Amino acid sequence: MCGIIGILGEQAEAAPRLIEALRRLEYRGYDSAGVATLNAGQITRKRAAGKLKNLETLLYETPLSGSVGIGHTRWATHGPPTKTNAHPHVSGPVALVHNGIIENFRALREALEDKGHVFQTETDTETVAHLIASNIEAGLSPTDAVAKALPELDGAFALAMLFEGEDDLMIGARKGSPLVIGVGDGEMFLGSDALAVAPFTNRVIYLEEGDWCVLTKTSHAIFDTSGAPVTRPISIVQSASASIEKGNYRHFMQKEIFEQPDSTARTIGAYVNALQRSVELPGDNGDAIDWSAITQVHMVACGTAYYATLVAEYWFEQLAGLPVKTDIASEFRYREPALPEQGGLALFVSQSGETADTLAALRYCKDAGLKTSAVVNVPTSSIAREVDLVLPTLAGPEIGVASTKAFTAQLCALASVAVAAGRARGKLSRDDEKRLTTALTELPRLISEAFQRDSDIAELARNMAKAKDVIYLGRGVHYPIALEGALKLKEISYIHAEGYASGELKHGPIALIDEDTPVVFVAPHDGLFEKSLSNLQEVAARHGEVLLISDETGLKEAGETPASTMTMPTCDPFVAPILYSVPIQMLAYHIAVEKGTDVDQPRNLAKSVTVE
Ligand code: G6P
């Protein structure tokens, strides 16, 4: 999880301004930080491991001159949080900062090393600097060098770049990770969010997916993925509320859905070492959880977070062979649960970290002497403070009441922990770990690809918005996703919806099927697909309006039976429940918009429930 800032300034020294912006970005990471400036055309740089104050001290003792610079605050993903691995990264005439994950960095790095490039760090980011530098060395201008390099990068990124000898040039690019341009008076800025550039300007351009930009102090040129020039509007942002601006989006929920390539990448980056293709639990120095001594995991949560525990139950049992018990927090302590005297691990999941029932359940488990851990999004929350081991989600602030990016971040954290447990218990081999972590690092890109379905989903929503009841069905690990799909729809559209395990259909719910009841099947082509297909036929035979969400293979096998379909990118079954959460969020969102409800503040609900 990283924050980036770029300042193409006129007179004021860049370094203190970069620090000011980085302070506002610290919520995105704080394990190392760095800045680079152009001083008489030369790149100069200072970096420090640890909190931002270490960099500030360094700059106080040995200041950097120059009005043009870039800065970075890091949450380590590739390579430990050392000074060497801290951004900015430099290769020849290029210095850059990066947020995201370059998935194909290994192949690029090998090719560049073959050409004689010598790497200093273990990061994926340094590859980008070398790639652009090699294009410049081959005779291209900085702009052409970037234009040539960007299509070669797989994965998610926001980049800010400066170039030796180019005092009036800064280039930015975004794919998956957010990036804004700040338009000043005779100055330009780049930042991860509007909050970062708020001290310098309130005029902000939100770059769109695949955009890249070439800035001078007085101009900005924006290009789309194909290299065609595009115009993006300038928004006026209230600096006080810049952290909670909707940007170009109509609703926070929509913004947060579209942030998921970034929020999942950040969260996965906190757990997965993409270079080693291994899992390392944050906050766990190797001895915080002795997985071999754990005999049962007891997971407790509320609402959407509870559905995350239901998905995790499949992962922990299948990958780690660990018995799991899941509980709704409001039910938990009053039934006087029998807790294991030894070997029990209590695991709480909460976005806010303040949900009263979850907090009470945590205290109950602590009193019972259990080791406690929590997957939590707000690091300063009560749950985060009271638990033995914090397993962070790095979704960033979630404003929409209906949880979206926090849910997928919870799944990413839980998936990583399940792999760590599986490895530690000898249930997974090193090769299994490599395959599963690779699937996780590819997930943010697949989520971006799923966004291509947005207008199709809006079209489907027009019809479904007329329904009085909607049924969601899923099998195995997609059963909880069906539950979450139904919850999302209820919360924001007020349409009655129920989620069921597909196989349970004939034990009652099938009586609800008629031509006015849409049935949403969440069914990627996995080991259970044939069985889902049979259930789908049962619904279609009773004139149910089936919407099948699957991949190309699944949709091909289903043929003409479903009334409508949604095509998802093909993915490893391990990450499918995370990927398939996205279209069900988009479907609920579009249905609510169609119905004209208050999407971000639905009636009767609250974001954080701090009463029982
Ligand atoms: C409320 C929210 C839900 C959330 C639940 C649990 O009901 O509206 O979106 O899933 O609380 O909240 P937590 O902060 O503990 O995840």
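For clarity, every value in this text was computed on a predicted model and none was experimentally measured.

Asker: Help me get a handle on helix α11 (residues 356-367), residues and values and all.
Answerer: Under the 1.5 Å per step criterion, the end-to-end length of α11 is 17 Å for 12 residues, consistent within 8% with the ideal 16 Å. All of the buried residues in α11 are A356, D357, T358, L359, A360, A361, L362 and C365. At the C-terminal side of α11, G369 shows a positive phi close to 85 degrees.

Asker: I'd love a proper account of the sheet that holds strand β12 (residues 212-215), names of residues and values included.
Answerer: On the basis of which strands lie adjacent, the open sheet formed by 7 strands has the order β5-β6-β7-β8-β12-β13-β14 and antiparallel pairing. The open sheet has two edge strands with one neighbour each: β5 (89-91) and β14 (229-230). Sitting on the sheet, helix α5 (residues 142-149) is in contact with β7 (155-163), β8 (170-175) and β12, with an inclination near 170 degrees to β12.

Asker: Would you mind going over the packing of helix α8 (residues 260-271) against helix α13 (residues 405-424) in detail, with residue names and values included?
Answerer: The packing of two helices is summarised by the inter-axis angle and the distance between the axes. Contact geometry of α8 with α13 gives a least axis separation of 9 Å together with a crossing angle of 25 degrees. In terms of orientation, α8 and α13 fall into the roughly parallel class. Here α8 and α13 pass one another in a crossing that is right-handed. Residue-level contacts link Q260, S263, T264, T267, I268 and Y271 of α8 to K405, T408, A409, C412, A413, S416 and V417 of α13. Of the residues in the contact of α8 with α13, the class split is 6 nonpolar, 6 polar and 1 charged.

Asker: A description of the packing of aromatic side chains should follow, citing residues and the corresponding values.
Answerer: Counting across every chain of the model gives 8 aromatic pairs. Residues Y249 and F258 carry aromatic rings whose centres are separated by 5.8 Å and whose planes lie at 25 degrees to one another, so their mutual orientation is stacked. Among the aromatic side chains, those forming a connected cluster through ring pairs are Y249, F258 and F451.

Asker: If you had to explain the packing of α13 against helix α14 (residues 430-450) to someone new, which residues and values would you point to?
Answerer: The interhelical angle for the contact between α13 and α14, taken along N-to-C directions, is 170 degrees, at an axis separation of 10 Å. In terms of axis orientation, α13 runs roughly antiparallel to α14. In this structure, α13 uses C412, A415, S416, V419 and R423 to contact α14, whose residues at the interface are R430, E433, L436, L440 and L443. In terms of residue class, the contact of α13 with α14 is made up of 6 nonpolar, 1 polar and 3 charged.

Asker: Any chance you could break down the pattern of salt bridges for me, citing the residues and the numbers?
Answerer: Overall, the coordinates contain 24 salt bridges when judged by the stated rule. When the shortest N-O distance is used, the salt bridge between R23 and E56 registers 2.9 Å. Of this pair, R23 sits in helix α1 (residues 14-25) while E56 sits in helix α2 (residues 52-61), and the two are 33 residues apart along the sequence. We classify E56 as partly exposed; its relative accessible area is 29%. Across the pair E538 and K506 runs a salt bridge whose closest N-O atoms are separated by 3.7 Å.

Asker: So what about unusual backbone geometry? Which residues, and what values?
Answerer: With an omega of -5 degrees, the peptide bond between H87 and P88 qualifies as cis. Following the sequence through the fold, P88 ends up in the loop between β4 (68-74) and β5. With a phi close to 50 degrees, A40 is a non-glycine residue in the positive phi region. Relative to the helices and strands, A40 resides in the loop between β2 (32-39) and β3 (42-49).

Asker: Tell me what's going on with the sheet that holds strand β22 (residues 389-392), and back it up with residues and numbers.
Answerer: Taken together, the 5 strands give an open sheet; going across it, the order is β19-β18-β20-β21-β22, and neighbouring strands pair in parallel fashion. Only two strands of the sheet have a single neighbouring strand rather than two, namely β19 (324-328) and β22. The sheet shows a mean angle of 20 degrees between the axes of neighbouring strands, direction not considered. Here 6 bridges tie strand β20 (residues 344-350) to strand β21 (residues 371-376), and the two strands are oriented parallel to one another. Counterpart to L345 in the pairing with β21 is K371.

About the criteria used
Residues numbered from 1 in each chain as written. Predicted model: local features only at pLDDT ≥ 70, side-chain atom pairs only at ≥ 80, totals over all residues. Heavy atoms only, no water. Helix = DSSP H or I, 4+ residues; strand = E, 2+ residues; numbered from the N terminus. Expected span 1.5 Å × (residues − 1). Buried < 20%, exposed > 50% of the residue type's maximum accessible area, 1.4 Å probe, protein only. Pairing = 2+ DSSP bridges. Contact = heavy atoms within 4.5 Å. Axes fitted to C-alpha atoms, helices over the stretch in contact; angles between N-to-C directions. Parallel < 35°, antiparallel > 145°, perpendicular 65-115°, else oblique. Left-handed = near helix turned anticlockwise from the far one by under 90°. Nonpolar A, V, L, I, M, F, W, Y, C, P; charged D, E, K, R; others polar. Phe/Tyr/Trp six-rings, centres within 6.5 Å; stacked < 30°, edge-to-face > 60°. Salt bridge = Lys/Arg side-chain N within 4 Å of Asp/Glu carboxyl O.

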